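# Examination of the molecular architecture
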Amino acid sequence: PGPTKRKDPDDKIPPHPHTAPPHPTMSSAPPSYTLHVPPGNFRAFKILIAAEYCGVDIVTTAEFDPDAVKSQSPSGRAPALSCPDGTVLFDSGSIAKFVGKIRCDAGLMGRSLGESAAVDAWVDYVANELEVPCSVLIYPVIGSAPFHKAAHEAATEDLKSALKVLDE
């Protein structure tokens, strides 16, 4: 069969054949996913925002247990997502993309291969061009790393350059 033609501009765009179908259990009570992350961890925000947009139920652990994450996650680092089927996912960007694909009808991950690639590109851009210099700037403030003036100055310039791209 050929491509589906839209008759009315207000018709919902059908999902692209290469996007993931809605999660099979979404027709009944949605499953609950558990996010293992320390309180206030900025890497969790993109996951929780994706969950909110897609209507996916994600709970965070009441008390963060780093030893549990080390035993569950291949990287040994948080965040880690425990899925209802027992799978444990790691890496905040990968988890956020996974959450966006649970409900492909929400369109968060794009409705075509091109849109999906654009989403991937911007998620990777943020991870590499924004999160890295932000970490260099924030970690000394919260006591997670020592302050180094040269690193601070370089991170400030890198962040300005990255934000300029977003402004254009």
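Below: a short report on this structure.

Looking now at the packing of helix H1 (residues 45-54) against helix H3 (residues 92-102). With their axes 8 Å apart at the nearest point, H1 and H3 run at an angle of 5° to one another. The angle between the axes of H1 and H3 places the two elements in the roughly parallel class. Only Ser 92, Gly 93, Ile 95, Ala 96, Val 99 and Gly 100 of H3 make contact with H1, whose side of the interface consists of Lys 46, Ile 47, Ala 50, Ala 51 and Cys 54. When the residues that make up the contact of H1 with H3 are grouped by side-chain class, the tally is seven nonpolar, three polar and one charged.

With that settled, consider the packing of helix H4 (residues 113-142) against helix H5 (residues 149-167). Two elements in contact, H4 and H5, have axes separated by 8 Å at closest approach and are oriented at 150°. With respect to H5, the element H4 is oriented roughly antiparallel. Classified by chirality, the crossing of H5 by H4 is left-handed. Residues Trp 122, Tyr 125, Glu 129, Leu 130, Pro 133, Cys 134, Val 136 and Leu 137 of H4 form the contact with H5, whose own contacting residues are Ala 151, His 152, Ala 155, Thr 156, Asp 158, Leu 159, Ser 161, Ala 162, Leu 163, Val 165 and Leu 166. Split into classes, the residues belonging to the contact of H4 with H5 amount to 14 nonpolar, three polar and two charged.

Parameters at a glance
- Residues numbered from 1 in each chain as written.
- Predicted model: local features only at pLDDT ≥ 70, side-chain atom pairs only at ≥ 80, totals over all residues.
- Heavy atoms only, no water.
- Axes fitted to C-alpha atoms, helices over the stretch in contact; angles between N-to-C directions.
- Helix = DSSP H or I, 4+ residues; strand = E, 2+ residues; numbered from the N terminus.
- Parallel < 35°, antiparallel > 145°, perpendicular 65-115°, else oblique.
- Contact = heavy atoms within 4.5 Å.
- Nonpolar A, V, L, I, M, F, W, Y, C, P; charged D, E, K, R; others polar.
- Left-handed = near helix turned anticlockwise from the far one by under 90°.

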